[in-house]
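Structural features, examined
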Amino acid sequence: MKKFLSTILILACLMGLLIGCKDSGSTTSGSGSGDSGSDTDIAEYMNKGYYDTLMSDHLEKYFQVDFSKNVKVRIVLSGGDSMVLELYPDIAPITVRNFVYLVSYSFYENLTFHRIIQDFMIQGGDPNGDGTGGSEYKIKGEFIENGVENTLKHEKGVISMARAKDNNSASSQFFICTATNETVSNLDGKYAAFGKVVEGMDILDKLAATPVGMNYTTGEVSKPTENVVIERMEIID
């Protein structure tokens with residue numbers, strides 16, 4: 001019986017990650033457009049396998065980001081708390097470049113962590129604030145079930161991309177795992193993990209303990225009772 005309940009919990013959490021951004025990308029935000037071209041242009045680059053190069057050239061030229069090494073990003077919350085992420089371009093090159101691109105154009109400024117489950121994850125990066133939004137384009141899912149080798153395991157502190165049912169539907173929404181357990185490890189191979197928290201694990205614990213109430217759209221108890229606001233993100237290395 002205990003194993004059955006555990007399986008149900010895992011399925012419910014996985015469905016939440018899918019449903020949580022089911023319409024991701026349908027609403028646009030100008031923050032991430034820059035000089036990269038239209039949605040059609042980006043989709044064409046993606047289909048031809050050039051998206052990696054497109055992002056690299058743009059970010060290296062205008063923001064001096066060096067993808068030959070790991071990239072560090074600081075998340076600063078409205079109350080002053082912060083966490084530092086280390087991102088791994090050698091493991092998930094498209095995902096890291098997409099995230100850094102959005103950070104570079106202040107896309108995440110004043111967005112929220114709209115979904116929090118204490119022993120699972122905190123999810124944010126939606127301009128709509130309810131799990132239905134995203135940036136102007138979608139990226140290829142870099143995980144095993146989508147034919148891409150990704151050796152980074154989901155565990156406490158790991159950041160990964162949320163998505164809809166389509167494997168290639170990740171956009172701007174991300175989640176950070178707040179525990180190491182069966183529910184979290186079941187994400188391996190299904191979602192694109194691309195970095196982890198290297199400073200501020202205590203802040204992650206604090207965020208995970210945020211009081212939440214019912215989300216009447218999804219039927220899940222995961223909606224923060226007060227907004228958890230990302231003041232800004234910044235590249236620090």
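Below: a short report on this structure. (Residues numbered from 1 in each chain as written. Predicted model: local features only at pLDDT ≥ 70, side-chain atom pairs only at ≥ 80, totals over all residues. Heavy atoms only, no water.)

Turning next to the overall build of the chain. Scanning the chain for helices and strands turns up 6 helices and 10 strands. Put simply, the chain has 237 residues, and 51% of those count as buried. Long-range pairs, those at least 24 residues apart, make up 72% of the contacts in the chain with a sequence separation of at least 6. If you sum the accessible surface of the chain, you get close to 10800 Å²; carbon and sulfur atoms cover 48% of it. (Helix = DSSP H or I, 4+ residues; strand = E, 2+ residues; numbered from the N terminus. Buried < 20%, exposed > 50% of the residue type's maximum accessible area, 1.4 Å probe, protein only. Contact = heavy atoms within 4.5 Å. Areas by Shrake-Rupley, 256 points an atom, 1.4 Å probe, with all protein chains shown as cover.)

Right, let's talk about the pairing of strand β7 (residues 193-199) for a bit. The pairing of strand β2 (residues 82-87) with β7 spans 4 bridges and is antiparallel. The residue bridging Leu87 from the neighbouring strand is Gly195, located in β7. Here 3 bridges tie strand β5 (residues 158-161) to β7, and the two strands are oriented antiparallel to one another. Its bridge partner being in β7, Val158 is matched across the sheet by Lys196. (Pairing = 2+ DSSP bridges.)

By secondary structure assignment, the location of Arg163 is in the loop between β5 and β6 (174-177). Among the polar contacts made by the side chain of Arg163, one reaches the main-chain carbonyl oxygen of Lys165 at a distance of 3.3 Å. Within the structure, the side chain of Arg163 is placed 3.0 Å from the backbone oxygen of Lys190, a separation counted as a polar contact. (Polar contact = N/O pair within 3.5 Å; in protein donor to acceptor, adjacent residues only side chain to side chain.)

Moving on, we get to the packing of aromatic side chains. Following the criterion strictly, the structure yields 10 aromatic pairs and no others. With a centroid separation of 5.3 Å and an interplanar angle of 55°, the aromatic rings of Phe99 and Phe194 are classed as tilted. With a gap of 95 residues between them, Phe99 in helix α4 (residues 93-104) and Phe194 in strand β7 connect regions that are remote in the sequence. You can call Phe99 buried: its relative accessible area is 0%. Note on Tyr108 and Phe174: the rings are 5.5 Å apart at their centroids and 85° apart in plane angle, and the pair reads as edge-to-face. In this pair, Tyr108 is assigned in the loop between α4 and β3 (111-117) and Phe174 in strand β6, connecting sequence segments 66 residues apart. For the pair Tyr108 and Phe174, one class covers both residues: buried. Here the aromatic residues Phe99, Phe107, Tyr108, Phe113, Phe174 and Phe194 are joined through ring pairs into a cluster of three or more. (Phe/Tyr/Trp six-rings, centres within 6.5 Å; stacked < 30°, edge-to-face > 60°.)

Let us now look at the pairing of β3. The buried count for β3 comes to 7 of 7 residues, which makes it a mostly enclosed element. By the bridge criterion, 2 bridges tie β3 to strand β10 (residues 229-235) in an arrangement that is antiparallel. Looking at β10, one finds that Thr112 is bridged to Val229. With 4 bridges joining them, β3 and strand β4 (residues 121-124) adopt antiparallel strand pairing. Within the sheet, the bridge partner assigned to Arg115 lies in β4 and is Gln123.

Glancing now at the environment of Asn98. With respect to the helices and strands, the residue Asn98 is situated in helix α4. Owing to a relative accessible area of 0%, Asn98 belongs among the buried residues under this scheme.

A word on the nonpolar core. Core analysis: the largest hydrophobic core is formed by 39 residues, its most contacted members being Leu87, Phe99, Tyr108, Phe174, Ile176 and Met233. Ranked by the residues each element gives to this core, the list is headed by α4, at 7 residues. Ranked by size, the runner-up nonpolar core spans 9 residues in total, among them Ile117, Val184, Leu187 and Tyr191. (Core = buried A, V, L, I, M, F, W, Y, C linked by side-chain atoms within 4.5 Å.)

Evaluated as defined, the whole model comprises 6 salt bridges. A salt bridge links Asp81 to Lys206, with the nearest nitrogen and oxygen atoms 2.8 Å apart. On the criterion of sequence distance, the pair formed by Asp81 in the loop between β1 (71-77) and β2 and Lys206 in helix α6 (residues 201-208) is long-range, its members being 125 residues apart. For Asp205, the salt bridge identified is with Lys156, shortest N-O distance 2.8 Å. Here Asp205, found in helix α6, pairs with Lys156, found in the loop between β4 and β5; they are 49 residues apart in sequence, far enough to count as distant. Residue Asp205 is classed as partly exposed on the basis of its relative accessible area, which comes to 35%. Several salt bridges converge on common partners, so that one network encompasses Arg74, Glu231, Arg232 and Glu234. (Salt bridge = Lys/Arg side-chain N within 4 Å of Asp/Glu carboxyl O.)

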